[in-house]
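# Understanding the architecture of this molecule
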Amino acid sequence: MPHVTYLGFPRIGRRRELKRALESFWSGETPAAELLATATDLRHRHWNLAREAGADSVPVNDFSLYDHVLDTAVLLDAIPERYRALNATDPLAAYFAMARGVQTDTVDLPALEMTKWFDTNYHYLVPELDAQQSFAARTGKLLGEYREATAAGHTARPVILGPVSFLRLSKTTDGSDALALLPSILPVYASILQALAAEGAQWVQIDEPCLALDLDDTARAAYRTAFAALAAASGPRMLLATYFAALDDNLDLAVSLPVAGLHVDLVRAPAQLEAVASALPADRVLSAGVIDGRNIWLSDPSRVMSQLRTLASLIRDDRLWISTSCSLLHVPIDLTGEKGLRGSLRDWLSFARQKIGELRLYADGLAGDDRALTALTEQHERVAARARSSDVVRADVRSRLRQLTPQAAQRRSGYANRVVAQRERFGLPELPTTTIGSFPQTHELRKARSAHRAGKLDTASYETVLREEIERAVRFQEAIDIDVLVHGEPERNDMVEYFGEQLDGYAFTANGWVQSYGSRCVKPPVIYGDVARPEPMTVRWSAYAQSLTRRPMKGMLTGPVTMLQWSFVRDDLPREEVCQQIALALRDEVHDLEAAGIGIIQIDEPALREGLPLRRGEWASYLAWAVHAFRIAAGGVSDATQIHTHMCYSEFNDIIESVAAMDADVISIETSRSRMELLDAFTRFRYPNGIGPGVYDIHSPRVPSEEEMVFLLTRALDVLRPDQLWVNPDCGLKTRGWPEVEAALTAMVAAAARLRERVEAPA
Ligand code: GLN
Ligand code: ZN
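One structure accompanies this document, and this report is about it. Owing to the predicted nature of the structure, the values given are computational and were not obtained by experimental measurement. (Residues numbered from 1 in each chain as written. Chains lettered and ligands numbered in written order. Predicted model: local features only at pLDDT ≥ 70, side-chain atom pairs only at ≥ 80, totals over all residues. Heavy atoms only, no water.)

## A closer look at the side chain of Arg533
- Within the secondary structure, Arg533 sits in the loop between strand S18 (526-532) and helix H21 (539-547).
- Overall, the relative accessible area of 17% leaves Arg533 in the buried class.
- A distance of 2.7 Å separates the side chain of Arg533 from the side chain of Asp592, its partner in a polar contact.
- With near-sequence residues (within four places) excluded, Arg533 lies in contact with Leu503, Ala585, Asp588, Glu589 and Asp592. (Helix = DSSP H or I, 4+ residues; strand = E, 2+ residues; numbered from the N terminus. Buried < 20%, exposed > 50% of the residue type's maximum accessible area, 1.4 Å probe, protein only. Polar contact = N/O pair within 3.5 Å; in protein donor to acceptor, adjacent residues only side chain to side chain. Contact = heavy atoms within 4.5 Å.)

Below you can see the structure in the form of structure tokens.
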């Protein structure tokens, strides 16, 4: 019978126990021992839960107090110099210093950089290396967790991030090539494998997600060298794990590596199944990732059973493992507690615990077990019922999409004409100032919102609080002389949830938490059906805000790609189509805002870049549909209506052409942290429309000075025309406090005024 396992489990706990324990430890309320006890307890609970759900073996060292890449750096003793003194006296404090920085009277240690884990919403800490880097094995955590699991009677498979992926995911502080460190890192990996073998580990899972990315010859050679060295170490049998993409042109390389087993993602990349199974030497284990570790839908037995039957015909029973596509880190833990889901939605979902149960059914079903086969038939019926449900497929939405013409994605005129109409309508000065949308979400505001949610504050009183907050924001912006105002978004908890709650086709879980980084979790909405907008979503608030001022009030929407990217998306329709449905709903909202007299409308797309496929060859088609969706949302307005967009969280240099193709009249874009690195893109590519490179880094409590912002704007003017430059912060201000915001925006307006004099002064 095939072996049932999974690549990793969520760490945070069903009730976010780890989050609570971490935050309480950080605030000094509880001692380290309590945090560590919670961690131990969670590990045991999760292993037991997996075993009870039917797993034959469990991964260990997939747990982390903060992040598994940081754990790997610690495992290899790749601790940057600045944390070493602290590490010598208090390793746990040093660990959290690397994760989140420390600032006290005596120490000031900034954290490591954080970035997205491939195309997920999980963020890892970027190890810092340099050419002189030395490594050493620090196996305490790894061996400790292995012992813990085996002592509790589990068949445990330690997981470590492989050497090539570790180096590729790291950065060097001296510009050297991280892969050049391979010769010094491999002996350390070898000694780790030997230590595991000495503990009695039969298998080790070596995660090499980078093996599914575009690789050059150097990287391929690195893989050969690395695995030859690891194989020579005579450690446990190695399961080489790839996920998130197809092996494709790296297949030959992958099957040539001297490992005992290969894991492939057959959810993201089902088409590789036969090629992998045929290319794999007969003595290898194939670990088939057939259950989606990235999404929450119950799998369709007709798809999975047919994949497994094909595999079973090509691979011997004892060499086939059935597993999740990737670690279950990216899904919530348990569906059992979700009592409030609408209609039949609960019958269609599967969280981490349920997914392991699914794997068991498939293994048993494949072996001909009657009970499993009956259960799979029933599961198939549930999946089929979902496809037929009138909640899921709506004729009105489908027919509207079919009737969509190419004109829908076109503004009436080109930018050159529109800008004239807009100048005339708004009469804005050169270098107009604006902000990105949100103003500080004060304690009072949050309190009012949660009281309202809990039914302790009636809607009328809650809305009075919101209206007062909006008025305060408007008066403030007028007082400091901002040109294009915002209402401040006090009514929004989250930029996706707020819209999702008002759209058909979206649902929300009670406890569907997924780790974003460290103790931070998100609860992504679930797009389960065709998306439609039953009624206007923001018009009331924007119109109210506009009624308070003669200055233009910008309407604020979250764009279709971001609405998609930050949700669990249905798996029965191409993402591109779901995105178009959202775009049409937003198009109606844009239309209603325009009709209500809102002349400037911003459609935020902070997640545009993170949706990029992992393989470059697939970028163009993604960018085409993503840009198209944005243009559908924005395309219906008159020339004199000014469409803005906003982007942040990533670098845009390599997709700037697509950003321009969105054809927004104005884009505000994050740049201040990188001191305007983005501007390099504009020396090679003339960005045509209005653009506001952020001059105020809102991620930091620091208040930038007027001079700094003048400097950044001056640099921007080296590559941008004065008539296209806008002045704004990097992102929304909701996480900041009012005093900083007042000081920073006042300085920003002054900086714009100074530059304006220069620009307008006759030469
Ligand atoms: N309009 C949103 C805000 O200001 C944009 C947030 C974002 O880009 N993440 O909060
Ligand atoms: Zn932003």
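## With respect to the sheet that holds S18
- Spatially, S15-S18-S20 is the arrangement adopted by the three strands of the open sheet, whose pairing is mixed. Looking at strand neighbours, the two that pair on one side only are strand S15 (504-507) and strand S20 (568-569), the edges of this open sheet.
- Pairing of S15 with S18, which is carried by three bridges, proceeds in the antiparallel orientation. Of the residues in S18, the one forming a bridge with Ala507 is Val526.
- On the sheet, helix H23 (residues 575-595) packs against S15, S18 and S20 and is oriented at approximately 50° with respect to S18. (Pairing = 2+ DSSP bridges. Axes fitted to C-alpha atoms, helices over the stretch in contact; angles between N-to-C directions.)

## A word on the sheet that holds strand S19 (residues 554-558)
- Strand order across the open sheet formed by five strands is S19-S21-S22-S23-S24, with parallel pairing between neighbours. Edge positions in the sheet fall to S19 and strand S24 (690-693), since each of these pairs with one other strand and no more. Each strand axis lies, on average, 20° off the axis of its neighbour in the sheet, ignoring direction.
- Inspection of the sheet shows S19 paired to strand S21 (residues 600-604) by five bridges, in the parallel sense. Paired with Lys554 across the strands is Ile600, a residue of S21.
- Strand contacts of helix H24 (residues 619-634): S21 and strand S22 (642-647), with the helix running at about 145° to S22, the strand carrying the most contacts.

## Thoughts on the side chain of Glu128
- For Glu128, the location among the structural elements is in strand S7 (residues 128-129).
- Given the relative accessible area of 12%, Glu128 is considered buried.
- A distance of 2.9 Å separates a polar atom in the side chain of Glu128 from a polar atom in the side chain of Arg82.
- Leaving out residues up to four positions away in the same chain, Glu128 has contacts with Pro80, Arg82, Leu112, Gln133, Lys171 and Thr173.

## Focus on the coordination of the zinc ion (ligand 2)
- On the protein side, the zinc ion (ligand 2) has His646 (NE2), Cys648 (SG) and Cys731 (SG) as donor atoms, found 2.0 to 2.3 Å from it.
- Because the angles between the four donor atoms bound to the zinc ion (ligand 2) fall within 92 to 125°, the donor set is best described as tetrahedral.
- Each donor residue of the zinc ion (ligand 2) lies on one chain, and together they are spaced H-x1-C-x82-C. Residue His646 is found in strand S22, and its partner Cys731 is found in the loop between helix H27 (706-719) and helix H28 (738-760); the two are separated by 85 residues along the sequence.
- Cys731 sits in the buried class, given a relative accessible area of 13%. (Donors = N, O, S within 2.8 Å, 3.2 Å for Na, K, Ca; no water. Tetrahedral: all angles 85-135°; square planar, octahedral: opposite > 155°, others 65-115°.)

## Some thoughts on the pairing of strand S16 (residues 514-517)
- Where S16 lies against strand S17 (residues 520-522), three bridges are found, and the strand directions are antiparallel. Note on S17: the bridge partner recorded for Val514 is Val522.
- Connecting S16 to the antiparallel partner S17 that follows it, the hairpin turn spans two residues, and Gly518 within it adopts a positive phi of roughly 50°.

## Looking at the site of ligand 1
- Among the 13 residues in the neighbourhood of ligand 1, the closest are listed as Ser438, Glu489, Asp604, His646 and Gly732.
- Here Ile436 contributes a backbone N or O atom positioned 3.1 Å from a nitrogen atom of ligand 1.
- Protein chains bury 97% of the 300 Å² of accessible surface belonging to ligand 1 in isolation.
- Residues that form the shell around ligand 1 fall into these classes: six nonpolar, four polar and three charged. (Near = heavy atom within 4 Å. Areas by Shrake-Rupley, 256 points an atom, 1.4 Å probe, with all protein chains shown as cover. Nonpolar A, V, L, I, M, F, W, Y, C, P; charged D, E, K, R; others polar.)

## Describing the packing of aromatic side chains
- Enumeration over the complete set of coordinates arrives at 17 aromatic pairs.
- Consider the rings of Trp117 and Tyr124, whose centres lie 5.8 Å apart with planes at 80°: the pair is edge-to-face.
- Judged by relative accessible area, Trp117 falls into the buried class, the value being 3%.
- A ring pair is formed by Phe439 and Phe476, whose centres lie 6.1 Å apart and whose planes are at 85°; its orientation type is edge-to-face. (Phe/Tyr/Trp six-rings, centres within 6.5 Å; stacked < 30°, edge-to-face > 60°.)

These figures come from the coordinates and say nothing about function on their own.
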